[in-house]
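Read off the chains here:
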Amino acid sequence: MAKKVLVTGVTGQDGAYLSKLLLEKGYEVYGTKRRTSSEIAWRLEYLGVYKDIRFVDLELTEPHNIFNLVQKYQFDEIYNLAAQSFVRASFDQPLYTADVDGIAVARFVEAIRQTSPQTKFYQASTSEMFGKIQEEKQSETTAFYPRSPYAVAKLYGHWIVVNYRESYNMHASSGILFNHESPLRGEEFVTRKITKHLAEIHYGKRDILELGNMDSTRDWGFAGDYVEGMYLMLQQPKADDYVLATGETTSIRDFVILAAKQIGFDIEWQGKAENEIGIDCKSGKTIIKINPVHYRPAEVDVLLGDSSKARKILGWKPKVGLEKLANMMVEADMKWAACIEQARY
Ligand code: NAP
Ligand code: G4F
């Protein structure tokens, strides 16, 4: 009989890639959706799996939604990917973020403990928890120092998973994932914003790409690689926590340069801080500006992961490097910008 799996947040970037992987492995995939008037299916359609998902309604802030779902279906595995995942927004919605990204995790593990103890659980933890980094390369043993309401909420979710694993011997694992991107990345996140806006500038559909802090650096990988790591964590005889990362870190400015070059722009930087601009040498036009509205009250300056444990125990390693990743994103956004009716505006 096919294994039954629940993917919360199936309409998001990771949910789409993970559900495709699990369907290929023969799972019966249940995916959660919220009641919404906007379109939810584009990522699943892009990957060709929309029709294969069994949709169930879930609003994470409704305690009974979680309890009823866990009890009713007796899943073999649950991957909890649903979250308010935008760090900047968490400064404006700290309490909502605490509920969705923190307390909801406790609702899941408690529901599993009470009604479906055989269910294996994956929690989407994050490198944001390292925040103001305490070690040059961050691993499972690095101390946490969260710098946003998002990271604080995720830290609660992380520790409640550890606590239930240790208290009740549950198969509950936490993946501490560094930033991972793809053509399916939300448009509010910086890599996708860069590739999408530059593609639109190329086709004359936008004049300027506005950014915030270009000096921070991130350890960026490809989302398709990272969902394989999630799956592997739940196949282990014992639950545990694992960092997934590439081990390389790149500034936002360098990502802009990389993507711009792939589109055919040649950027020259002028000015400093809020007055910095990026000029395309070929056209002489200013195409990049700083808008302080994108600054965060507290920034995570550097993230650089050490995924040795996952590489050794799970046999996991990222296959797609940054240049190829940027290229995948640029190619997709160039196609969408060229054919505006297919783009998701
Ligand atoms: P994403 O694209 O923003 O997707 C988030 C998903 O959560 C969407 O399906 C969204 O549904 C759902 N959701 C949000 N609030 C909800 C609520 N109140 N009730 C029910 N569902 C809700 O995020 P992602 O990039 O795929 O990331 C997946 C998970 O990994 C998140 O937990 C994120 O925090 C974590 N993470 C991501 C990264 C990364 O670099 N991508 C790194 C580390 C950890 P709608 O479609 O209805 O909005
Ligand atoms: O792309 P970002 O919004 O990603 P951030 O904050 O690192 O969070 C992402 O990765 C986390 C894992 O570490 C996840 F847990 C989280 O859910 C999310 O997926 O911002 C990256 C950097 C920041 O330093 C930000 O200040 O880019 C800087 N940035 C500069 N200009 C900008 C912009 N970020 C955004 N979103 N938009 C800008 O215009």
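The structure under discussion appears in the preceding block.
Parameters at a glance
Chains are numbered independently. Their residues run from 1 in the order of the written sequence. Written order determines the labels here, with chains lettered from A and ligands numbered from 1. Residue-level local features of this predicted model are given only where pLDDT is at least 70; pairs of side-chain atoms are given and counted only at 80 or more, and the full residue set underlies all totals for whole chains, interfaces and linings. As a rule here, side-chain values come from all non-hydrogen atoms in the structure, and water together with hydrogens is ignored. Nine residue types can take part in a nonpolar core, namely buried Ala, Val, Leu, Ile, Met, Phe, Trp, Tyr and Cys, and a core is a set of them joined through side-chain atoms within 4.5 Å. A simple rule labels every residue: compare its accessible area, found with a 1.4 Å probe on the protein chains alone, to the largest value its type can have, and call it buried under 20%, exposed over 50%, or partly exposed in between. Here the limits of each domain have been adopted from an automatic or database domain assignment. Pairs of residues are marked as contacts when any of their non-hydrogen atoms sit within 4.5 Å. We call two strands paired when DSSP finds no fewer than two bridges between them. Runs of H or I in DSSP of at least four residues are treated as helices and runs of E of at least two as strands, each being numbered from the N terminus. To obtain each axis, a line is fitted to C-alpha atoms, and for helices this fit is confined to the stretch in contact; angles are then taken between N-to-C directions over 0 to 180 degrees. Whether a residue is near a molecule or strand depends on its heavy atoms: if one lies within 4 Å, it is near. Definition of a polar contact: a pair of N or O atoms within 3.5 Å, with one able to donate and the other able to accept a hydrogen when the atoms are protein atoms, and with sequence-neighbouring residues admitted only if both atoms are side-chain atoms. Any residue outside Ala, Val, Leu, Ile, Met, Phe, Trp, Tyr, Cys, Pro, Asp, Glu, Lys and Arg is labelled polar, Gly included; the first ten of those are nonpolar and the last four are charged. Here is how to tell: hold the view so the strands point away, follow the path from the first strand over the helix to the second, and if it runs clockwise the crossover is right-handed.

Enquirer: Account for the nonpolar core, with residues named and values stated.
Expert: If you look at the biggest cluster of nonpolar residues, it comprises 64 residues, and the most contacted ones within it are Leu18, Leu22, Tyr79, Tyr122, Ile194 and Leu198. In this structure, this core is formed jointly by two domains, domain 1 (4-181 + 220-244) and domain 2 (190-218 + 250-301 + 321-343), each of which donates at least three residues. Ignoring anything within four residues of it in the chain, the contact list for Leu198 reads Leu209, Val256, Ala259, Ala260, Ile263, Phe265 and Ile287. Counting 26 residues, the second-largest nonpolar core is a separate cluster that includes Leu6, Val56, Val161 and Met170.

Enquirer: Quick one: what's the story with the sheet that holds strand β14 (residues 277-280), residue by residue and with numbers?
Expert: Here we have four strands laid out as an open sheet, ordered β8-β15-β14-β13, and mixed in their pairing. Both edges of this open sheet fall to β8 (209-211) and β13 (267-270), since each of them pairs with a single strand only. Strand-to-strand, the axes of this sheet are offset by a mean angle of 25 degrees, without reference to chain direction. Of the pairings in the sheet, the one linking β8 to strand β15 (residues 285-290) comprises three bridges and is parallel in character.

Enquirer: I'd like a description of the site of ligand 2, backed by residues and values.
Expert: Thr126, Ser127, Tyr150, Arg296 and Glu299 are the nearest of the 24 residues found near ligand 2. With respect to ligand 2, the side chain of Glu299 contributes an N or O atom lying 2.6 Å from an oxygen atom. Looking at the shell around ligand 2, the elements with two or more residues in it are α7 (190-202) and β8. Looking at the shell around ligand 2, its residues break down into eight nonpolar, eight polar and eight charged.

Enquirer: Talk me through the pairing of strand β6 (residues 172-177); I want residue IDs and the actual numbers.
Expert: With respect to burial, β6 is a largely interior element, six of its six residues being buried. Residues Ala172, Ser174 and Ile176 line one face of β6 and the alternating positions Ser173, Gly175 and Leu177 line the opposite face, and both faces are buried. Note: strand β5 (residues 120-126) against β6, six bridges, orientation parallel. Each residue of the ladder has a partner; that of Tyr122, found in β6, is Ser173. Crossover handedness for the path β5 to helix α6 (residues 149-168) to β6: right-handed. In the sheet, β6 pairs with strand β11 (residues 241-244) via four bridges, with the strands oriented parallel.

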